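# Fold and geometry: a report
Listed here are the chains, written in short residue letters.
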Amino acid sequence: MAEQKYILSILVDNQPGVLSRIVGLFGGRGYNIESLSVAATIDPLVARITLVTMANKPVVEQIIKQLHKLINVIKVYELTEASYVQREMALVKVQAKPEHRAEILRIVDIFRCKVVDVGQEHYTLEITGDEDKMTAVLNLLKPIGIKEIAKTGIIALFRESK
Amino acid sequence: MKLTGAQILMEILKEEGVDTIFGFPGGVVIDIYDELAKTDIKHILVRHEQGAVHAADGYARAGSKVGVCLVTSGPGATNTVTGIACAYMDSIPMVIFTGQVPTQLIGNDAFQEVDIVGITRPCTKHNYLVKRTEDLAGIVKEAFFIAASGRPGPVLIDIPKDVSSTKITYKPSKKIELKSYSPTYNPNMKQLHKAVKLIKDAKKPIIFAGGGVVLSGGSKELTELAHKTRIPVTCSLMGLGVFPGTDPLWLGMVGMHGTYRANMCTGDCDLIVAVGVRFDDRVTGKTGTFAPNAKIVHIDIDPTSISKNIPATVPVVGDCKITLGHLNELLDEESLGDLNTKRKKWLDQIDLWKSTNPLAYKQKDIIKPQYVVEKLYELTKGEAIITTEVGQNQMWAAQYYHFTKPNHFITSGGLGVMGFGLPAAIGAQLACPDKLVVDIAGDGSIQMNIQEMATAKQYGLPVKIVILNNRYLGMVRQWQELFYGKRYSGTNMEHAPDFVKLAEAYGAVGLRAVKPEEVESVLKKGLSSPETVIMEFVIEREECVYPMVPAGAPITEMLLA
Ligand SMILES: Cc1ncc(C[n+]2csc(CCOP(=O)(O)OP(=O)(O)O)c2C)c(N)n1
Ligand SMILES: [Mg+2]
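Residues numbered from 1 in each chain as written. Chains lettered and ligands numbered in written order. Predicted model: local features only at pLDDT ≥ 70, side-chain atom pairs only at ≥ 80, totals over all residues. Heavy atoms only, no water.

All right, on to the overall build of chain A then. A tally of regular secondary structure across chain A gives four helices and nine strands. Along the chain direction, N to C, the helices and strands of chain A fall in the order β-α-β-β-α-β-β-α-β-β-α-β-β. Viewed in the frame of its principal axes, chain A has a C-alpha envelope of about 55 × 40 × 40 Å. The buried share among the 162 residues of chain A stands at 39%. Within the structure as shown, chain A displays about 9000 Å² of accessible surface, and the carbon and sulfur contribution to it stands at 54%. Each charge class in chain A can be summarised by its mean position, and for the 21 positive and 19 negative side chains these summaries are 2 Å apart. (Helix = DSSP H or I, 4+ residues; strand = E, 2+ residues; numbered from the N terminus. Buried < 20%, exposed > 50% of the residue type's maximum accessible area, 1.4 Å probe, protein only. Areas by Shrake-Rupley, 256 points an atom, 1.4 Å probe, with all protein chains shown as cover. Lys, Arg positive; Asp, Glu negative; His and termini not counted. Charge placed at Lys NZ, Arg CZ, Asp CG, Glu CD.)

Broken down by element type, chain B carries 23 helices and 20 strands. The globule rule puts the C-alpha radius of gyration for 561 residues at 24 Å, and the 24 Å found for chain B is close to it. Projected onto its principal axes, the C-alpha positions of chain B cover 70 × 60 × 40 Å. For chain B, the residues scored as buried account for 60% of the 561 residues in total. The contacts in chain B between residues at least 6 apart in sequence include a share of 75% that link residues at least 24 apart. (Rg over C-alpha atoms; globule rule 2.2 N^0.38 Å. Contact = heavy atoms within 4.5 Å.)

Here the focus is the interface of chain B and chain A. Interface size is commonly expressed as the accessible surface area that is lost when the partners come together. Listed as interface residues are 16 residues of chain B and, on the opposing side, 14 residues of chain A. Counting the surface lost from both chain B and chain A, the interface buries some 1300 Å², and carbon and sulfur atoms represent 50% of this. Counting the contacts that link chain B with chain A gives one salt bridge. Between D302 of chain B and K69 of chain A there is a salt bridge, with the nearest N and O atoms lying 2.7 Å from each other. Class assignment for the residues of the side of chain B that touches chain A results in five nonpolar, four polar and seven charged. (Buried area = accessible area lost by both parts, 1.4 Å probe. Salt bridge = Lys/Arg side-chain N within 4 Å of Asp/Glu carboxyl O. Nonpolar A, V, L, I, M, F, W, Y, C, P; charged D, E, K, R; others polar.)

Let's shift gears to the sheet that holds strand β4 (residues 73–78) of chain A. Residue and element names in this part refer to chain A. The antiparallel open sheet is built from four strands, whose spatial order is β2-β3-β1-β4. Where the open sheet ends on each side, the last strands, each with one partner, are β2 (35–40) and β4. This sheet shows a mean twist of 15° between the axes of neighbouring strands, independent of strand direction. Strand direction decides the pairing type here: strand β1 (residues 4–13) and strand β3 (residues 46–55), joined by ten bridges, are antiparallel. Across the sheet, the residue bridging to D13 is V46, located in β3. Each of β1, β3 and β4 touches helix α2 (residues 57–69); the most contacted strand, β4, lies at about 160° to it. (Pairing = 2+ DSSP bridges. Axes fitted to C-alpha atoms, helices over the stretch in contact; angles between N-to-C directions.)

Here we come to the environment of M453 of chain B. Residue and element names in this part refer to chain B. The topology assignment puts M453 in helix α20 (residues 453–458). With relative accessibility at 0%, the residue M453 sits in the buried group. For the pair formed by M453 and I465, sequence separation is twelve residues and the distance between their alpha carbons is 9.9 Å. Excluding anything up to four places from it in sequence, M453 contacts L422, I465, A503, Y506, A508, T532 and I534.

This brings us to the domain arrangement of chain B. Residue and element names in this part refer to chain B. When the domains of chain B are assigned, the result is domain 1 (2–169), domain 2 (189–356) and domain 3 (369–538). Every contact between the two is made by nine residues of domain 1 and, on the other side, seven residues of domain 2. Both sides together, the interface formed by domain 1 and domain 2 hides about 570 Å², and carbon and sulfur atoms give 62% of it. Counting across the interface, domain 1 meets domain 2 through one salt bridge. R151 serves as the salt-bridge partner of D302, at 2.7 Å between the closest nitrogen and oxygen. At the junction of domain 1 with domain 2, the criterion picks out two residue pairs in polar contact (both at pLDDT 80 or more). Of the residues that constitute the side of domain 1 that touches domain 2, the class distribution is four nonpolar, two polar and three charged. (Domains from an automatic or database assignment. Polar contact = N/O pair within 3.5 Å; in protein donor to acceptor, adjacent residues only side chain to side chain.)

What follows is about the site of ligand 1. Residue and element names in this part refer to chain B. Taken together, 17 residues lie around ligand 1, and Q392, G416, G444, S445 and G474 are the ones closest in. Between a nitrogen atom of ligand 1 and a main-chain N or O atom of M418, the distance comes to 3.4 Å. One nitrogen or oxygen atom from the side chain of N470 is found 3.0 Å from an oxygen atom belonging to ligand 1. Within the complex, the protein chains bury 76% of what would otherwise be the 590 Å² of accessible surface of ligand 1. (Near = heavy atom within 4 Å.)

Encoded structure:
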């Protein structure tokens, strides 16, 4: 069965060791983690883990059941099939030779990125958006010369009904 | 009330009704041991921490209670890991207390420090490091609740030395609150109606029961279901005893060493009512070819067991006993027609399979292990609690001792731990002092926890050990014989202790049978002794367990001899 990308939003007790239970579950059972992001929610006793995995349908169903089985997991949402908003953020250090600077700033402008640091030969850009936008910007910056990237994993939430 | 952590622990243990603890002391649990001695709780001092966990396991399985262990930090804790993993695989309710170095030393590579919570995370149902004495009572109560509820399992609590010695003002604790843990006991009735329909329509149904039925105490309901519907029953290794092995509807065990008829049934049936099983690879063989014509009703309390290996047609999440009770009620409202006529063709087919390929052996001039187990069954009238080691001995026990009641067959099913049987027998004997408890052992396995003979002696436990001595790691040798051109690499155990003298060295009774005609008298003598007894049977060295399905082959393709 074909693998596809699934975004899981997992609410857990905000306690030491909980992340390692989740990562351990994935490692021990051979499930894959594409990206992972964790932080406390508005309730300091609860944390949200947004996890992206590649799997086929029966495997992702098993993953969700296995997650539920962990005592510290409060809720698991599978966002892929619902309506949701997702964001990723990247900090990208691009080579900024004089002849490229205008081009870089044009990209920044079109994609509503930000220049957060300017060095002698490099600009550092902050890019926020969904995956498509991220890919588009990075594809444009690549020929100009990317020196370093730091990227968060995906974070995502359900859309509320309008 | 001002109490130390150790005193608080005793309060909770009493509240939880703990009467027996299996343990082994050390530096960081001295405070706890000091308090333990002041209570009525019986402490069983084992000879190795692995033995403590298996004994607690046997105690839990035979007595349907939560087993409890207490060990020290570092090596004491790491020695429990095999036992914990075993209990986890077989879903046995257990609470393991490990000592830990004082909180301020944690993380400093202190003497006998080990991250046992980290080590046991993947093989416990849940585990805890207690950081403050204030948290202890709540955690312990929670642990007992988690261990025994839902799909049971072992829960480990790591208690730093200062947590047990610090005195705090203790208020008896409130109710347990677990935000995220609430097992589903009651089945979805819509699903059960679907199950009823499948049962009514089926022409060639079987019931397949496992350890979940034992754990839920649902043997009566399962037997009722089978009799009401006249559906034949097979069990996994873990399920043996939930349906009488003497019943005409009994198919024998299914799987790698299952009976011919049970395995053939899976290939031919049109419905499997699977209850408290997880379709382990030792049961299904090659999953792609398993039960190709069958719809599957799968009842289990653990949703992860359902459709994990074999997709279910009708999944039912619920406690086996409760769910079977509802299913029986629903079936009572239905008219099932003339079952004798309806089932005749199917049951005749099964009888044919049975008569063409029964479990069989020929007793000639060297003792056959099957003969020993069969004699043991006869002499104990099927009433004994049987524990086993792992290997051929375990399979012969499963095939030739016909269990009629649940909680009487205690075996390491999921993990397959050699060395399980003797400590498990000790635990079972403590849970059921009036029962005859027999460990059916291999010569290899028994040497893995033989030190527990001293424990049995110290507490006057008259467990009986039947060693089927083939001077081989027999099961591995069997694979080498059948699939590796008889190259017996690393399986010849020619040198073993003299088991009779060994028994005597421990102050127990040792008996030996070398000829077939000695088997019965040795068994009679050993079983009737009030002592701990080792009975050694020198058996045919190269006997194999049949039927056998080669690993990864379809379950209906058996080697028969
Ligand atoms: C702790 C452990 N180590 C290794 C094995 C692998 N193993 C499975 S059966 C077996 C042979 C057991 O020999 P013995 O106890 O003499 O039993 P027999 O098969 O001869 O009846 C071995 C080595 C195991 N199950 N457990
Ligand atoms: Mg052997």
